[in-house]
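# What the coordinates show
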Amino acid sequence: MDEKLIQRLEAAVSRLEAISVRGGSGVESFGDGADAASDPSIKAYHDLMSQYLGRVSAAAEKIGGQVLDATKIVEQAFSAQKELLVKVKQTQKPDLAGLAEFLKPLNEVIMKANALTEGRRSDFFNHLKSAADSLTALAWIAYTGKDCGMSMPIAHVEESWQMAEFYSNKILVEYRSKDPNHVEWARALKELYLPGLRDYVKSHYPLGPVWSATGKTVTSAPAKAPSPTAPAHKPGAPAPPPPPPSSLFSSESSQASSSRPKEGMAAVFQEISSKPVTAGLRKVTADMKTKNRVDRSGVVAAGEKESRTSSPSFSKAGPPKLELQMGRKWVVENQIGRKNLVIDDCDAKQSVYVFGCKDSVLQIQGKVNNITIDKCTKMGVVFKDVVAAFEIVNCNGVEAQCQGSAPTISVDNTGGCQLYLSQDSLGASITTAKSSEINVLVPGAGPDSDWAEHALPQQFVHTYRDGHFETTPVSHSGG
């Protein structure tokens with residue numbers, strides 16, 4: 001009996017010595033990558049990639065081209081996150097600066113995906129945009145607590161896919177009867193996140209990544225201080241390169257839309273108002289007056305003509321705006337070619353007014369009282385819930401997607417309008433007047449069903465019967 005007790009005590013001492021050698025704590029620490037890779041959560045992530053990401057890759061192989069390139073970047077992003085999950089189990093929880101440095105490999109892949117959507121618009125722009133926007137779901141790994149400014153990991157994955165679903169639905173509508181490979185790619189991409197990544201996060205990391213208590217620490221890269229003896233910028237020398245684009249996992253908190261510094265003409269007027277009225281004015285001499293000029297032929301010089309015809313990047317109607325006025329009304333005006341307009345700090349008492357925008361996409365992430373789209377061309381709007389009404393007036397080529405509920409949708413004096421309704425907004429009352437080419441797309445009966453497209457009538461027959469006119473839409477039948 002005494003010998004067995006002695007053996008048990010020696011075994012206990014051996015275990016304590018092994019723990020002290022690992023890290024001096026009773027908490028298990030993954031000493032090398034092999035131990036971390038054998039963790040159930042890492043194995044589950046590998047299964048996620050094999051099951052769901054494999055379907056996306058198989059469909060992309062059949063399509064090829066830019067779709068295959070974008071899919072390979074998605075594979076790189078998931079592989080980068082898998083490596084980070086292994087490192088999380090070997091690393092202590094870093095500060096904000098250290099977290100940005102830790103997530104740098106994943107951020108570089110996401111920025112590579114965003115670069116595919118820039119420049120000249122591709123024929124597969126919807127594919128590229130779906131893939132790039134969907135990768136923001138991988139940022140769930142940056143969740144550090146309720147005060148970090150992010151949604152919970154599960155909610156973050158769902159919200160991120162909603163951003164990409166706007167372009168994914170376009171793929172389903174465009175290729176529904178043209179090429180089943182594109183439809184399969186769009187469906188597989190959605191299933192990769194819902195339910196794939198969402199269920200994985202729900203099972204293993206519902207409260208965010210679990211960092212090691214005894215692992216190594218992460219330090220941010222030291223900033224290079226400018227040399228005091230560095231020569232000044234010489235005239236004629238090339239200008240220094242612009243600063244790099246902002247990181248998706250930046251340690252600095254993002255500013256609200258209404259608190260951003262003024263841009264464009266607003267900044268010009270602010271600078272003018274801060275200086276004396278006559279500052280910078282030159283005295284007009286006699287030879288500079290029109291009546292004393294030698295050349296009065298009226299011919300415009302080539303240099304003057306080029307300077308006059310060079311137009312700014314914003315609308316002639318005025319500078320671009322995206323601001324909250326009087327705390328009650330969001331105003332979005334004269335935005336051209338902006339695909340990443342976002343209003344996220346809103347409530348049910350505020351309204352949104354969009355005017356004079358072209359070739360842009362606006363996302364409204366929250367419930368608002370009403371939304372009005374006025375005099376816009378090729379405008380896309382994605383919104384969640386509307387208390388009163390969603391209105392489209394005097395527009396051309398507008399696409400709108402309701403992800404929540406909207407009791408009333410009004411389309412007036414508009415040519416070309418596509419409305420995507422959710423299950424909660426199928427009971428909406430749609431009113432049209434002086435409009436043409438209005439199509440309403442509703443979700444199918446099942447989760448894998450195609451969207452059903454319905455064209456609203458624009459021609460009517462008025463018949464006088466029994467003392468009043470009866471109006472019915474025109475029905476066309478082929479012989």
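As the structure is a prediction and not an experimental result, all values here were calculated from the model. (Residues numbered from 1 in each chain as written. Predicted model: local features only at pLDDT ≥ 70, side-chain atom pairs only at ≥ 80, totals over all residues. Heavy atoms only, no water.)

Counting its regular elements, the protein chain contains 11 helices and 14 strands. Across the 479 residues that make up the protein chain, the buried fraction comes to 35%. Taking the contacts inside the protein chain whose residues are at least 6 apart along the sequence as the reference set, 41% of them involve residues at least 24 apart. Just so you have it, the protein chain exposes about 28,700 Å², and 52% of that area is on carbon and sulfur atoms. (Helix = DSSP H or I, 4+ residues; strand = E, 2+ residues; numbered from the N terminus. Buried < 20%, exposed > 50% of the residue type's maximum accessible area, 1.4 Å probe, protein only. Contact = heavy atoms within 4.5 Å. Areas by Shrake-Rupley, 256 points an atom, 1.4 Å probe, with all protein chains shown as cover.)

Moving on, we come to the nonpolar core. Taken as a class, soluble globular proteins show a tendency for nonpolar side chains to be buried jointly. Grouped together as the largest cluster of nonpolar side chains are 60 residues, with contacts concentrated most on Phe78, Trp185, Tyr193 and Leu197. Looking at this core, the elements with two or more residues in it are helix H3 (40-63), helix H4 (65-88), helix H5 (96-102), helix H6 (104-116), helix H7 (125-134), helix H8 (153-174) and helix H9 (180-204). The biggest single contributor to this core is H4, with 12 residues. The contact partners of Leu197, leaving out residues within four places of it in the chain, are Tyr45, Leu48, Gln81, Ala137, Leu138, Trp140, Val157 and Leu192. (Core = buried A, V, L, I, M, F, W, Y, C linked by side-chain atoms within 4.5 Å.)

What follows is about the side chain of Thr372. Mapping Thr372 onto the fold places it in strand S5 (residues 358-374). Among the residues examined, Thr372 registers a relative accessible area of 13% and is labelled buried.

Attention now goes to the packing of aromatic side chains. The description of two aromatic rings rests on the distance between their centres and on the angle between their planes. In the structure shown here, the tally under the stated rule is 13 aromatic pairs. Between Tyr45 and Tyr200 the ring centres are 5.2 Å apart and the planes differ by 70 degrees, which places this aromatic pair in the edge-to-face class. Here Tyr200 lies in helix H9 and Tyr45 lies in helix H3, a separation of 155 residues in the sequence. Here Tyr45 and Tyr200 have matching classes, each one buried. Grouping aromatic residues by their ring pairs yields a cluster made of Tyr45, Phe78, Trp140, Trp161, Tyr193, Tyr200 and Tyr205. In this arrangement the basic side chain of Lys178 is found over the ring face of Tyr175, its NZ or CZ atom lying 5.0 Å from the centre. The positively charged end of Lys329 is found above the aromatic ring belonging to Tyr353, 4.8 Å away from the centroid. (Phe/Tyr/Trp six-rings, centres within 6.5 Å; stacked < 30°, edge-to-face > 60°. Lys NZ or Arg CZ within 6 Å of the ring centre and 35° of its normal.)

It is worth spelling out the environment of Ile110 at this point. The residue Ile110 is located in helix H6 in this model. With a relative accessible area of 2%, Ile110 lands in the buried category. Along the primary structure Ile110 and Ser134 are separated by 24 residues, whereas in three dimensions their C-alpha atoms are 9.6 Å apart.

Attention now moves to H7. For H7, the tally of buried residues reaches 10 of 10 residues, placing the bulk of the element in the interior. By the burial criterion, the buried members of H7 are Phe125, Asn126, His127, Leu128, Lys129, Ser130, Ala131, Ala132, Asp133 and Ser134.

Here we take up unusual backbone geometry. In the segment running from Leu194 into Pro195, the intervening peptide bond is cis, with an omega of 15 degrees. Its place among the elements puts Pro195 in helix H9. With a phi angle near 55 degrees, Asp466 is a residue other than glycine that sits in the positive phi range. Among the structural elements, Asp466 can be located in the loop between strand S13 (460-465) and strand S14 (468-473).

For the rest of this paragraph, the subject is the pattern of salt bridges. Counting across every chain of the model gives 11 salt bridges. Of the charged contacts, one joins Glu184 and Arg55 as a salt bridge, the two residues approaching to 2.8 Å between their closest N and O atoms. Of this pair, Glu184 sits in helix H9 while Arg55 sits in helix H3, and the two are 129 residues apart along the sequence. The salt bridge involving Lys339 is made with Asp359; its shortest N-O contact spans 2.7 Å. Linking Lys339 in the loop between strand S2 (329-333) and strand S3 (341-343) with Asp359 in strand S5, this pair joins segments that are 20 residues apart in sequence. Here Asp359 falls in the partly exposed class, since its relative accessible area comes to 32%. Beyond isolated ion pairs, a larger network of salt bridges with shared partners links Arg55, Glu184 and Glu191. (Salt bridge = Lys/Arg side-chain N within 4 Å of Asp/Glu carboxyl O.)

This part takes up the packing of H4 against H6. Relative orientation of the contacting elements H4 and H6 amounts to 165 degrees, with a least axis distance of 9 Å. With respect to H6, the element H4 is oriented roughly antiparallel. As for the relative orientation of H4 and H6, their crossing is left-handed in sense. Taken together, the residues of H6 that come into contact with H4 (itself represented by Ala70, Ile73, Gln76, Ala77, Ala80, Gln81 and Leu84) are Leu106, Val109, Lys112, Ala113 and Leu116. In terms of residue class, the contact of H4 with H6 is built from 9 nonpolar, 2 polar and 1 charged. (Axes fitted to C-alpha atoms, helices over the stretch in contact; angles between N-to-C directions. Parallel < 35°, antiparallel > 145°, perpendicular 65-115°, else oblique. Left-handed = near helix turned anticlockwise from the far one by under 90°. Nonpolar A, V, L, I, M, F, W, Y, C, P; charged D, E, K, R; others polar.)

Contact geometry for H7 and H8: axes closest at 8 Å, N-to-C directions at 160 degrees. Here H7 is positioned roughly antiparallel relative to H8, judged by the angle of their axes. Considering only the axes of H7 and H8, their crossing is left-handed. On the side of H7, the interface is formed by Phe125, Asn126, His127, Lys129, Ser130, Asp133 and Ser134, while H8 contributes Ser160, Trp161, Met163, Ala164, Tyr167, Ser168, Lys170, Ile171 and Glu174.

This part takes up the confidence of the model for the protein chain. Averaged over every residue, the pLDDT of the protein chain is 78; residues scoring 70 or more account for 71%. The low-confidence segment residues 225-236 (pLDDT under 50) makes 3 contacts with residues lying over four places distant or belonging to another chain. Here residues 250-259 scores under 50 on pLDDT; set against residues more than four positions off or in separate chains, the count is 11 contacts. (pLDDT = per-residue confidence, 0-100.)

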